[in-house]
There are 2 protein chains.
Amino acid sequence: MTKRSYNQTCSVAGALDVLGERWTLLLIRELLTGPKRYNDLLDALPGIGTNLLADRLKNLTNDGLITQSKLPPPAAASVYELTEAGERLEPVLLELVRWGMRYQRKAKKRATYRATWTAVAMRAFFQPERARGLRLSCELRVGDEVFNAQVRDGELHTAAGSAAAPDVVVTTTPENFRRFESGEDPADLEKTGKWKVTGSSAALKKFTRLFELGG
Amino acid sequence: MTKRSYNQTCSVAGALDVLGERWTLLLIRELLTGPKRYNDLLDALPGIGTNLLADRLKNLTNDGLITQSKLPPPAAASVYELTEAGERLEPVLLELVRWGMRYQRKAKKRATYRATWTAVAMRAFFQPERARGLRLSCELRVGDEVFNAQVRDGELHTAAGSAAAPDVVVTTTPENFRRFESGEDPADLEKTGKWKVTGSSAALKKFTRLFELGG
DNA sequence: CGGAATCCTCTTCGATACTG
DNA sequence: CAGTATCGAAGAGGATTCCG
């Protein structure tokens, strides 16, 4: 009944009392790309079990990291979104991305894949100084997932969903998008028809140059 | 038998497969201030249970985050220390410190306290630009704990144990050291005899000005 | 159909006792 | 000092059911 705690006067331990349970940080990762419905979260987190998801959502709400808001009709959906305290976890997640990119154990077969996770990873490898003066809007359509990336004022903003006025729209399959993640040249992917690019190829080129895995 | 995994192609999930089990990140925190023996770790992590500690140490070794090294006689102790992959978790831990400092749930009574944890927290709030040109060596003795902080080349290095050639040595109790952590002025603590300062008070003053909780 | 609560089994945790 | 063994308690995971 009473929640498990490390019971240490230490801000790492205090943070982990809130964040350390299984699935919690992955739930935060999902919400970093925008509000999500209960079933969206279930879908993005195979294996979580409906009771655990409900339990985590309840605890995160009590701890003030997320809020539940009901969209007005006709959408009439209930979504979960990060509060400011939740948003402030982004630096923690981005450091985990950076570390994990180098040190995670080798991926298994049949692992779940969502292109939208890349929207978060991009933030971790974004190089602000390369974006100075740039203003770009990109939309990425990978299988049935859609997310967008906006570059302006030297900042990158990524989120689930389509872009309002995209300079370029990329449409591809999960398999071919992963080639890009593995370091293949987007220009080659475009040439060989693995990416379908609508709009400004130049904008896409500028965009893909904004990232550096070395950090 | 087989280790539990989120089984997702995502570097956050990959990182959490390695780091996400209970106690693991606190174990890393302990090792960030230097090599520790099995019983040192047991003492710093009340409640962990000897089997879990052994299990975590084994897994972290297999994953390449720590190594076990035997100090030569006469010390003849066996200690665990971080590998480079382990050391690279420092940014993750420091972001957790920053987040946890603002958002952790209110501390309970009878919580475990170790002054050495502050040695890690200091790194999270260190302001390099204020340390330009400074060279300082401080030793902190809090109850039966001793740790040191070295400032040089605009960098801060903290570790368990005493300093080689300290400019200043502070001796105090855990209770009075926590007053400092809560924001009380070190000069006042010194005046009222809550801190015993040996060596250069000026060096101590310069040192305590290098930190900013706002980030 | 989205959003959960319930039930049941299995794994992990935590505390203590014990051993090289 | 540095672990292993054991066992009850708590948490996780999957299926099913319930509710609006």
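Residues numbered from 1 in each chain as written. Chains lettered and ligands numbered in written order. Predicted model: local features only at pLDDT ≥ 70, side-chain atom pairs only at ≥ 80, totals over all residues. Heavy atoms only, no water.

In this complex, chain A contributes 53 residues to the contact, which on the side of chain B involves 53 residues. Around 4,900 Å² of area is buried between chain A and chain B when both sides are counted, 59% of it from carbon and sulfur atoms. Between the two partners, chain A and chain B, sit zero salt bridges. The interface formed by chain A and chain B holds 17 residue pairs in polar contact (both at pLDDT 80 or more) in total. Where the side of chain A that touches chain B is concerned, the elements lending two or more residues are helix H1 (11-19), helix H2 (24-31), helix H5 (84-87) and helix H6 (90-103) of chain A. Counting residues per element, the side of chain A that touches chain B draws most heavily on H6 of chain A, which supplies eleven residues. Looking at the side of chain A that touches chain B residue by residue, the class counts come to 28 nonpolar, ten polar and 15 charged. (Contact = heavy atoms within 4.5 Å. Buried area = accessible area lost by both parts, 1.4 Å probe. Salt bridge = Lys/Arg side-chain N within 4 Å of Asp/Glu carboxyl O. Polar contact = N/O pair within 3.5 Å; in protein donor to acceptor, adjacent residues only side chain to side chain. Helix = DSSP H or I, 4+ residues; strand = E, 2+ residues; numbered from the N terminus. Nonpolar A, V, L, I, M, F, W, Y, C, P; charged D, E, K, R; others polar.)

Residues and elements named next belong to chain A. Scanning the entire structure with this criterion turns up 16 aromatic pairs over all chains. Residues Phe-180 and Trp-195 carry aromatic rings whose centres are separated by 5.2 Å and whose planes lie at 75° to one another, so their mutual orientation is edge-to-face. Here Phe-180 is found in helix H8 (residues 174-181), whereas its partner Trp-195 is found in the loop between helix H9 (186-191) and strand S8 (196-199), with 15 residues between them in sequence. Under the relative-accessibility criterion, Phe-180 is labelled buried at 17%. Residue class for Trp-195 comes out buried when judged on its relative accessible area of 3%. Members of the aromatic cluster, connected to one another through ring pairs, are Phe-147, Phe-177, Phe-180 and Trp-195. (Phe/Tyr/Trp six-rings, centres within 6.5 Å; stacked < 30°, edge-to-face > 60°. Buried < 20%, exposed > 50% of the residue type's maximum accessible area, 1.4 Å probe, protein only.)

Another point: the sheet that holds strand S2 (residues 66-70) of chain A. Residues and elements named next belong to chain A. Judged by pairing direction, the sheet is antiparallel, and its three strands sit side by side in the order S1-S3-S2 without closing on themselves. With one partner strand each, in any of the chains shown, strand S1 (36-37) and S2 form the two edges of the open sheet. Two elements, S1 and strand S3 (residues 78-82), share two bridges in a ladder whose sense is antiparallel. Counterpart to Lys-36 in the pairing with S3 is Tyr-80. Contacting S1, S2 and S3, H2 crosses the sheet at an angle of about 100° to S3. (Pairing = 2+ DSSP bridges. Axes fitted to C-alpha atoms, helices over the stretch in contact; angles between N-to-C directions.)

Purely geometric numbers; function is a separate question.
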